[in-house]
Amino acid sequence: MSRAQKTIGVLIPLALLLALVVWTFLFLIRYPPTVEAATTPGASGDVNVTMQTVGSIGTGNHPTWVSYLIKRSDGVWVHTTVLQVPAHTTVHVTIYQYDSGSALRNPVMNQVLGAPDAELDGQPYSLWTDTIGHTFTVPELGISVPLPGIASTASNPCSVAPCGPSYDHHTVTFSFKTGGAGTYTWQCFVPCGLGYLAGFGGPMSTFGYMNGVLKVVA
Amino acid sequence: MSAATSPRNENRFHLRRLLLVWLVLSVIATPIVFFVWGPHMPPGDMSDNAKNQQFANTLLSTVATPVVLFVWVYLGYALLFFRRKDASDEEDGPPIKGHMGFQIGWVGLTTVVVLSLFVYGTYGLIVPNGVGTGSGASPIWTPAGYSGLPQYNKLFQVQVIGQQWRWTFRYPAYQGVETTQLVIPEGVQIQFNTTSLDVIHSFWAYELGVKADAVPGANNIAFAVANRTGNFDIRCAELCGPLHGAMSSVGRVVIEDPDPTLMAALLASAARTR
């Protein structure tokens, strides 16, 4: 074997190994994009967050998975669950719920907690005893809002994200006030990972679908 | 070679000096570990279980102190006095031959220490009532007032429900109110009935010294009495998924009140706000 052949025989495995290391590193640091809350018009200092839940995201590695999306201030829906809001600020949240519902595993999740002004389709509500599609829950902040599922007989359900207002949906609004800076996990507590063990696999256990982080920045 | 400078006498001289240093340090350090450090050891003294665990940690540390000191003192002594002085000397040291007295002493002492700790540890697992560990659905060592039949059970019942990724707490005696904050009264024997809705979790009320696996479809019972009011940390002690690290909560021990309406009001408040 010539010197050149030996060199190539060493360099190619090394290059492959390096590529594997880089790919692994990039895979591990992969993170959904962050969407900043939009400032409310006027001088109140409040901010607005708009999200939607869909029965299937329709794109990416898992097109059939249920997911949250967050709306950027320029109106573009982003497939992410990383949300950034300012500290010591009132956050007004609007969630468009396009997914259908199922029974809860833990009935405590059917209560609105930590958001006394919650409204469902314009009506105040604090409890939802019918099927629930998802919840928006930040355990560390004591916030949990159930998102009722659309009726199983809905005539115009949305199948692929992002969904528009012409599809059947519920609109849930609520607000909460942030404290000091910090990073808080939030998630859905309805076992909506269909086809996975106890409904808690797949999108329920994958960052960027039904769980994410709320970044509260100073 | 005179007897005074023979290797045997030299070894005895080193041994005596080494043991003297070790003895002095042990006499100083061991009481410090027991009396000064001990009261500050985890998990504190918020409950009867925690006190027991704290004492166990103190006892183990106290027993270990002379052992650790012996290792350190010998290491330091060897570095100072037994290091190679002549760089060209690469010969092995003289072989160590058996010493019956030393071997009997070594084996005997370690046996006594380990067996004593075994007996103490076994006793400590039984008294009081499993020391806060999950004892299954039919615990053997139970406090007064416990009964496997709910209608005869006089303990304060809390159902601890784990799910990915949070804890909720249900109070059968208060119309089954379920909260996400654990509230328990001071000075009252609590019975935690731990279970899970999905995967295996582990309910760990750190300052209360309670740790019980939460297993789907099973009831794992643990007991505790909180000695004083205050907050305590609750964590999941079993890797249960991506947000396992976020599965934490803060519990409260409140003043025991003969009027059950106060407790009911506290629980209702906890249910609304957390």
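Conventions we followed
- Residues numbered from 1 in each chain as written.
- Chains lettered and ligands numbered in written order.
- Predicted model: local features only at pLDDT ≥ 70, side-chain atom pairs only at ≥ 80, totals over all residues.
- Contact = placed C-beta atoms within 7 Å.
- Helix = DSSP H or I, 4+ residues; strand = E, 2+ residues; numbered from the N terminus.
- Nonpolar A, V, L, I, M, F, W, Y, C, P; charged D, E, K, R; others polar.
- Buried ≥ 20, exposed ≤ 12 C-beta atoms within 10 Å, placed from the backbone.
- Pairing = 2+ DSSP bridges.
- Domains from an automatic or database assignment.
- Core = buried A, V, L, I, M, F, W, Y, C linked by C-beta atoms within 7 Å.
- pLDDT = per-residue confidence, 0-100.

S.K.: Could you clarify how one ought to interpret the interface of chain B and chain A in this entry?
M.R.: As a measure of interface size, the accessible area lost when the parts come together is often cited. At the junction of the two partners, chain B supplies 16 residues and chain A supplies 14 residues. Among the elements of the structure, β1 (156–163) and β2 (166–171) of chain B are those that each provide at least two residues to the side of chain B that touches chain A. Taken together, the residues that form the side of chain B that touches chain A break down as 6 nonpolar, 6 polar and 4 charged.

S.K.: What should I look at first to understand the pairing of strand β6 (residues 82–86) of chain A in this one?
M.R.: Residues in a regular strand project their side chains so that they alternate between the two faces of the sheet. All names here are of chain A. Side chains L83 and V85 of β6 all project onto a buried face; the interleaved residues V82, Q84 and P86 project onto a face where none is buried. Examined bridge by bridge, β6 and strand β14 (residues 211–217) share 5 bridges and lie parallel to one another. Among the inter-strand pairings, P86 is bridged to a residue of β14, identified as V217.

S.K.: Help me understand the domain arrangement of chain B, please; the structure alone is not making it clear to me.
M.R.: Residue and element names in this part refer to chain B. Split into domains, chain B comes out as domain 1 (3–81 + 106–126) and domain 2 (150–273). Averaged C-alpha coordinates put domain 1 and domain 2 at centres separated by 38 Å. Residue-level contacts link 9 residues of domain 1 with 12 residues of domain 2. Its residues assigned to classes, the side of domain 1 that touches domain 2 shows 3 nonpolar, 4 polar and 2 charged.

S.K.: Quick question: what am I supposed to make of the nonpolar core here?
M.R.: The nonpolar side chains of a soluble globular protein tend to be buried with one another. A:V49, A:V54, A:V85 and A:V145 are the most contacted members of the largest nonpolar core, which totals 50 residues. If you list the elements that add at least two residues to this core, you get β3 (47–54), β4 (67–71), β6, β7 (90–97), β10 (132–138), β11 (143–148), β12 (170–177) and β14 of chain A. Here A:V54 is in contact with A:V66, A:S67, A:L69, A:Y98, A:D99, A:C158, A:A161 and A:C163, once residues within four sequence places are set aside. Counting residues in hydrophobic clusters, the runner-up holds 34 residues, among them B:W167, B:F169, B:V210 and B:A214.

S.K.: How should I be thinking about the pairing of strand β7 (residues 210–214) of chain B in this particular structure?
M.R.: All names here are of chain B. In terms of burial, β7 is largely enclosed, as 5 of its 5 residues are buried. In β7, alternate side chains face the same way, and those of V210, A212 and A214 on one face and K211 and D213 on the other are all buried. In terms of strand pairing, strand β6 (residues 201–205) meets β7 through 5 bridges, oriented antiparallel. The residue of β7 that forms the bridge with H201 is A214. A loop of 4 residues connects β6 with β7, the two strands running antiparallel in sequence, and G209 in this loop sits at a positive phi of about 70°.

S.K.: Would you explain the confidence of the model for chain A in this entry?
M.R.: The predicted structure's coordinates, where accompanied by low pLDDT, should not be read in detail. In the predicted model, chain A carries a mean pLDDT of 90, and 99% of its residues have values of at least 70. By mean pLDDT, strand β2 (residues 38–39) of chain A is the weakest element of chain A at 82, and β4(A) is the strongest at 95.

S.K.: How do you make sense of unusual backbone geometry when you look at a structure like this?
M.R.: Leaving glycine out, the prevailing phi sign among residues is negative, and the prevailing peptide bond configuration is trans. Residue and element names in this part refer to chain A. The omega angle of the peptide bond from A161 to P162 is -10°, so this bond is cis rather than trans. Checked against the element boundaries, P162 lands in the loop between β11 and β12. Phi at H88 is positive, roughly 50°, even though this residue is not glycine. Within the fold, H88 resides in the loop between β6 and β7. Of note in this structure, D121 is not a glycine but carries a positive phi near 50°. Within the secondary structure, D121 is located in the loop between β8 (119–120) and β9 (123–124).

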